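Residues per chain are reported as follows:
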Amino acid sequence: MKKIFALLICLSFTSLHAQTPQKLNAAEIHESIKKLNFLGSVLYIAAHPDDENTRLISYLSNKIHARTGYLSLTRGDGGQNLIGPEIRELLGVIRTQELLAARRIDGGNQFFTRAIDFGYTKTPDETLNIWNKDKVLSDVVWTIRNFKPDVIINRFNHRTSGDTHGQHTASALLSVEAFDLAGDKTAFQDQLALAQTHYPKRLFFNTSPWFYGSDKAFEKADKSNFLKFETGVYFPSQGLSNPEIAALSRSSHRSQGFGSAGSRGSQLEYIELIAGEMPKDTSNLFDGIDTSWNRIEGGKEIGEILTNVQANYNFKDPSASLPELAKAYSLLDRLDNGYWKQVKIKEIKEIIAACAGLYLDAKVSSANASPGEDIEVSLEAINRSNSSLRLVSVNLSTAKSSSKPGIDLTNNIGWSRKLNLNIPENVEYTTPYWLRSQFGIGMYNVKDQNLIGLPETPRDLNVEFKIMVEGTEIPFTKNILYEYTDDVKGEIIQPFEIVPAVSVKFNEKVMIFPDEASKKISVVLTSQKEKAAGTLKLQVPDTWKLTPEVADFEIEGKGASKTFQFNITPPNGASESEIIPIVTIGNKKYSDEVVTIDYDHIPFQSLIVPAKTKLVKLNIKKKGDQIGYIAGAGDVVPESLEQIGYKVTLLDVHTITAKNLAKFDALVIGIRAYNIVETLKFKQAELLKYAFNGGTLIVQYNNNRGIVTNKLAPYKLELSRDRVTEEDAEVSFLEPEASILNTPNKITAADFNNWVQERGLYFPDSWGKEFTPVLSMHDTNEEPMKGSLLISEYGKGYFIYTGLSFFRQFPEGVPGAYRLFANLVSIGK
Ligand SMILES: [Zn+2]
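Worth saying up front: this structure is predicted, and the values here are computed from it rather than measured.

> In this structure, what is going on with the overall build of the chain? I would like to understand it.
From N to C terminus, the chain includes 19 helices and 44 strands. Expected size for 829 residues packed as a compact globule is a radius of gyration near 28 Å; at 30 Å, the chain falls within 12% of this value. Viewed in the frame of its principal axes, the chain has a C-alpha envelope of about 85 × 75 × 55 Å. Taking all 829 residues of the chain together, the buried fraction comes to 58%. The long-range fraction of contacts in the chain, counting pairs at least 24 apart against all pairs at least 6 apart in sequence, stands at 74%. When the accessible surface of the chain is totalled, it reaches about 34100 Å², and 48% of it is carbon and sulfur. Side chains of the chain carry 92 positive and 100 negative charges; the gap between the two charge centres is 1 Å.

> What is the right way to look at the environment of Phe465 in this model?
Relative to the helices and strands, Phe465 resides in strand β17 (residues 462-469). Along the chain, Phe465 and Leu391 lie 74 residues apart, while their C-alpha atoms are 7.3 Å from each other.

> Could you clarify how one ought to interpret the sheet that holds strand β43 (residues 789-794) in this entry?
For sheets, the rule is that strands pair by backbone hydrogen bonds, running either parallel or antiparallel. The seven strands lie next to each other as β35-β34-β36-β37-β44-β43-β41, forming an open sheet whose pairing is mixed. Only two strands of the sheet have a single neighbouring strand rather than two, namely β35 (647-650) and β41 (772-773). Across the sheet, helix α17 (residues 680-692) is in contact with β34 (626-630), β36 (666-669), β37 (696-700), β43 and β44 (797-802); its angle to β37 comes to roughly 135°. Of the strands in this sheet, β34, β36, β37, β43 and β44 touch helix α19 (residues 815-826), which is tilted by about 140° from β37.

> Can you walk me through empty space enclosed by the protein in this structure?
Gaps left between atoms are located by rolling a probe of water-molecule size over the structure's atoms. Summed over all chains, the structure comprises six cavities of 30 Å³ or more. Computed from the structure, the largest cavity encloses a volume of approximately 90 Å³.

> Got a minute to help me understand the pattern of salt bridges in this structure?
Under the criterion given, the structure shown has 33 salt bridges. Lys344 serves as the salt-bridge partner of Glu347, at 3.0 Å between the closest nitrogen and oxygen. You can see Glu347 and its partner Lys344 sitting in helix α13 (residues 339-355), three residues apart, about one turn around the helix. We note that Glu347, like Lys344, is buried. Linked by salt bridges that have partners in common, Glu52, Arg103 and Asp106 make up one network.

> Mind showing me how you'd approach the confidence of the model for the chain here?
Caution applies to low-pLDDT regions: their predicted coordinates should not be interpreted in detail. Averaged over every residue, the pLDDT of the chain is 93; the share at 70 or more is 97%. Across residues 1-19, where pLDDT falls below 50, the model places 48 contacts with residues more than four positions away in sequence or in other chains.

> Which parts of the structure should I look at to understand the side chain of Thr709?
Structurally, Thr709 can be placed in the loop between β37 and β38 (717-724). Judged by its relative accessible area of 13%, Thr709 falls in the buried class. Dropping the residues within four chain positions of it, Thr709 is found in contact with Tyr674 and Gln684.

> Looking at this structure, how should I read the packing of aromatic side chains?
One pair of aromatic rings is described through two measures. These are the centre distance and the angle between the planes. Enumeration according to the criterion identifies 31 aromatic pairs in this entry. Their ring planes at 25° and their centres at 5.0 Å tell us that Tyr482 and Tyr484 sit as a pair that is stacked. A relative accessible area of 29% places Tyr484 in the partly exposed class. By the ring-pair criterion, three or more aromatic residues cluster together here, those being Phe733, Phe752, Trp755, Phe806, Phe810, Tyr818 and Phe821. In this structure, Lys622 is placed above the aromatic ring of Tyr646, and the distance from its NZ or CZ to the ring centre is 4.7 Å.

> Sorry if this is basic, but what is going on with the sheet that holds strand β26 (residues 545-547) here?
The strand order β22-β24-β28-β26 describes an open sheet built from four strands, whose pairing is antiparallel. At either margin of the open sheet sits one strand with a lone partner, and together these are β22 (502-506) and β26. Put simply, the sheet's adjacent strands are angled 30° from each other on average, direction ignored.

> What's the story with the packing of helix α4 (residues 89-106) against helix α10 (residues 242-250) in this structure? I'm lost.
Two numbers describe a pair of packed helices, the interaxial angle and the distance between the axes. Between α4 and α10, the shortest axis-to-axis distance is 8 Å and the interhelical angle comes to 160°. Classified by the angle their axes make, α4 and α10 are roughly antiparallel. With respect to the hand of their crossing, α4 and α10 are arranged in right-handed fashion. Across the interface between the two elements, Ala102, Arg103, Ile105 and Asp106 from α4 touch Ile245, Leu248 and Ser249 from α10. Taken together, the residues of the contact of α4 with α10 sort by class into four nonpolar, one polar and two charged.

> Mind showing me how you'd approach the nonpolar core here?
In terms of nonpolar packing, the biggest core is built from 85 residues, with Trp131, Phe465 and Ile467 touching the most fellow members. What Trp131 contacts, discounting residues up to four positions off in sequence, is Leu73, Thr74, Ala115, Ile116, Phe118, Val136, Gln167, Ala170, Leu174, Gly442 and Met443.

> In this structure, what is going on with the coordination of the zinc ion? I would like to understand it.
The reference angle at a metal is 109.5 degrees if four donors form a tetrahedron and 90 or 180 degrees if six donors form an octahedron. In this structure, His48 (ND1), Asp51 (OD) and His168 (NE2) serve as the protein donors to the zinc ion, at separations of 2.1 Å. Read from N- to C-terminus, the donor residues coordinating the zinc ion fall into the pattern H-x2-D-x116-H. Separated by 117 residues along the polypeptide, Asp51 in the loop between β1 (41-46) and α3 (54-63) and His168 in helix α7 (residues 166-181) bring together distant segments of the chain. Owing to a relative accessible area of 11%, His168 belongs among the buried residues under this scheme.

> Looking at this model, I keep getting lost on unusual backbone geometry. Mind explaining?
Glycine aside, negative phi is the norm for most residues, and most peptide bonds take the trans geometry. In the segment running from Thr547 into Pro548, the intervening peptide bond is cis, with an omega of -10°. Mapped onto the fold, Pro548 is located in the loop between β26 and β27 (550-556). Omega for the peptide link from Thr743 to Pro744 comes to -10°, which places this bond in the cis form. With respect to the secondary-structure elements, Pro744 resides in the loop between β39 (731-733) and β40 (760-767).

> I would appreciate a short explanation of α7 in the present structure.
An α-helix turns once every 3.6 residues. As a result, residues three or four positions apart point the same way. With 16 residues, α7 extends 22 Å from end C-alpha to end C-alpha; this agrees with the ideal 22 Å at 1.5 Å per step. Of all the residues in α7, the buried ones are Gly166, Gln167, His168, Thr169, Ala170, Ser171, Ala172, Leu174, Ser175, Ala178 and Phe179. Tucked inside the fold, the buried residues of α7 contact β1, α5 (124-130), α6 (133-147), β4 (151-154), β5 (202-205) and β9 (268-276).

> Can you walk me through helix α11 (residues 299-311) in this structure?
In this model α11 runs 18 Å from its N-terminal to its C-terminal C-alpha over 13 residues, within 8% of the 18 Å that 1.5 Å per residue would give. Inspection of α11 places Gly299, Ile302, Gly303, Ile305, Leu306 and Val309 among the buried residues, and these make up the whole buried set. Summarising the axial view, the buried residues of α11 lie within an arc of 165°, below the 170-degree limit, and thus occupy one face. Among the exposed residues of α11, those oriented more than 90 degrees off its buried face are Lys300 and Ala311. Of the surrounding elements, those touching the buried residues of α11 are α2 (26-36), α12 (322-334) and α13.

What counts and how
Residues numbered from 1 in each chain as written. Predicted model: local features only at pLDDT ≥ 70, side-chain atom pairs only at ≥ 80, totals over all residues. Heavy atoms only, no water. Helix = DSSP H or I, 4+ residues; strand = E, 2+ residues; numbered from the N terminus. Rg over C-alpha atoms; globule rule 2.2 N^0.38 Å. Buried < 20%, exposed > 50% of the residue type's maximum accessible area, 1.4 Å probe, protein only. Contact = heavy atoms within 4.5 Å. Areas by Shrake-Rupley, 256 points an atom, 1.4 Å probe, with all protein chains shown as cover. Lys, Arg positive; Asp, Glu negative; His and termini not counted. Charge placed at Lys NZ, Arg CZ, Asp CG, Glu CD. Pairing = 2+ DSSP bridges. Axes fitted to C-alpha atoms, helices over the stretch in contact; angles between N-to-C directions. 1 Å grid on protein atoms, 1.4 Å probe; cavity = no way out; pocket = protein on both sides within 12 Å on 5 of 7 lines; lining within 4 Å. Points joined across faces, edges and corners; volume = space filled by probe spheres on them. Salt bridge = Lys/Arg side-chain N within 4 Å of Asp/Glu carboxyl O. pLDDT = per-residue confidence, 0-100. Phe/Tyr/Trp six-rings, centres within 6.5 Å; stacked < 30°, edge-to-face > 60°. Lys NZ or Arg CZ within 6 Å of the ring centre and 35° of its normal. Parallel < 35°, antiparallel > 145°, perpendicular 65-115°, else oblique. Left-handed = near helix turned anticlockwise from the far one by under 90°. Nonpolar A, V, L, I, M, F, W, Y, C, P; charged D, E, K, R; others polar. Core = buried A, V, L, I, M, F, W, Y, C linked by side-chain atoms within 4.5 Å. Donors = N, O, S within 2.8 Å, 3.2 Å for Na, K, Ca; no water. Expected span 1.5 Å × (residues − 1). Arc of directions from axis to C-beta.

This is the structure:
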């Protein structure tokens, strides 16, 4: 029983940011009391951050007052990032936080499985081949067993494979399976030492006209199994309509550019019954489920008290409810442990604190510390009501320091104290738990079953304030936070991070060696100690030569950095390998980098990852020297071409003319530039003129929707949504003799080995006869696609369009991508 208790605490944990002091106003407290008196829950299931219907989630949470969760199978790692350079697992961290930000607005809870969003797939079979189906299913069952939804709602239709992203359909298929398995004690038995089985009552699919192709088709659909809700309701307590709240929530997905404006007025939502019993009252999702306090043993008396609290709530003085709330708390606290007890204890404590205007805070003045360090924690407690509150004790979770003030907290007279916190040597670094172990393409590895499902890593360091409220002792736990005042932004609250005493960072993540010449590699050491001294050694295979072999270092001042340079010489012939740093201080070794992510719309993130750089010695030739580059949505083409010896000039679109472009041997356009750089509309004629006069213009992929020019190419060229998502799809050469495949590098099938995530996207599907398609490729069971690389002569120069995903291959140091791209930029020479 004790284990289940601990776990429930974990799963009721929503987010770190949400534990920064909540300051509910009188109307919000009243809404929270209504929610306290509703004992029913819904779990919404889909595949990605942004799949969720925030309108329905907000409606269920704020109107029905149900405990509402969103299980996103993935963290959205595979998408594109519209606000910064982070991709893959770093993007997954951003999207995790964006979902938590969305839930803080719409009132939902957030969960994930271990599945990785590895990129686009066309079918659920392809998805489930790359994920470990059994593990993802286990995680869905696990989340159901812990969150215990009465009702599950799928975003996607499990019956229509192929209509949408394969991960979407897979999410619905897994949900349908898990619906039956969660209550089955023969399924996933290893979970049952930690969780109990649970049968949800109903499973729905959140259907809409979109799934029927048109409003008309939807009108005609058989709706006998449908429930319909008016979700366009208005909340006077918030001054917002439900769709307005949903839009604020959706606008949290900034990395996807999903800013959304709210609407007012009627908004219907439909859900279709997939499994379980159809409600008799089709306006009530919870029909036949007792959602009152009578639902739990011993709940009747609590329900009577809290019904009165809700009815007699005093908006002018919420603290008038405290004696009754304290009574309800103590009855609740005496019940046997169980799901609803844990959920409601947490809710009622928040309400009690809000009613008293009770502010509790544990802060430090440093963003991070390392194990073994001593740090001062500033504590604050203040009661801002006339109710009787007494501060009984304050305990740091490390247990060594505690304070027993035993003082009355009188109205608006604060208590504060500073305590010394010794960070235990064995405390774990604070980093996203799913990134702690090595992972593959489809699944993160999480060793501790109790962490699975959680949106972020629970913090080990916190402070418990025991407060006597109207005669009842109540513990309130607060995470230790880093708080400071920014001159421009005001109060900033950040997570307090535990980081290694010394972190290591390579400035380059991939180093490409086009020949035998040596290169310099820079390593930055950052110390979290006042004084750090030791040695830095880089580990490489013997075939690579490194000087010096070891560097001694001494760094003074917490947070100070020093940069060290090493000379590295590649072997003859092609080779790929990795450099790993080893920092030794006394008998301790360090090899990790601290990566930080800092955006205004999410809490500051800091991740501990193994520091390493990939080394690639290429067998590559090139022609030409000067490359011009126009940035699009973000790729590493400039750095990558510089690594193989080109000089790359980043161009300001406003100032380009065919004349000043003439000095470039090739001009490369960044990914999606024609989707996002408005000025290109006016400059396209100059770009084409540059090619006509003898230049080589290389345009990388653009989304076929929303292109700023209607003359993307000198000849007919129509983009489509064709893509090849299997990164190992066989590539055949349509024109083996074409110079693009032969000079200066002879391209072979081997150059398409070890590509990552996909071959390419948004290939043209129709083009003028002036274009020569060079490559053919396709996903399993599909027709060959020939539009991935199209070459045309134009005047004295060349125009090349390519949807191949060079932008994904370059950061991973994929040799063939470099060799082929060298041929593209060399073609005019
Ligand atoms: Zn999606």
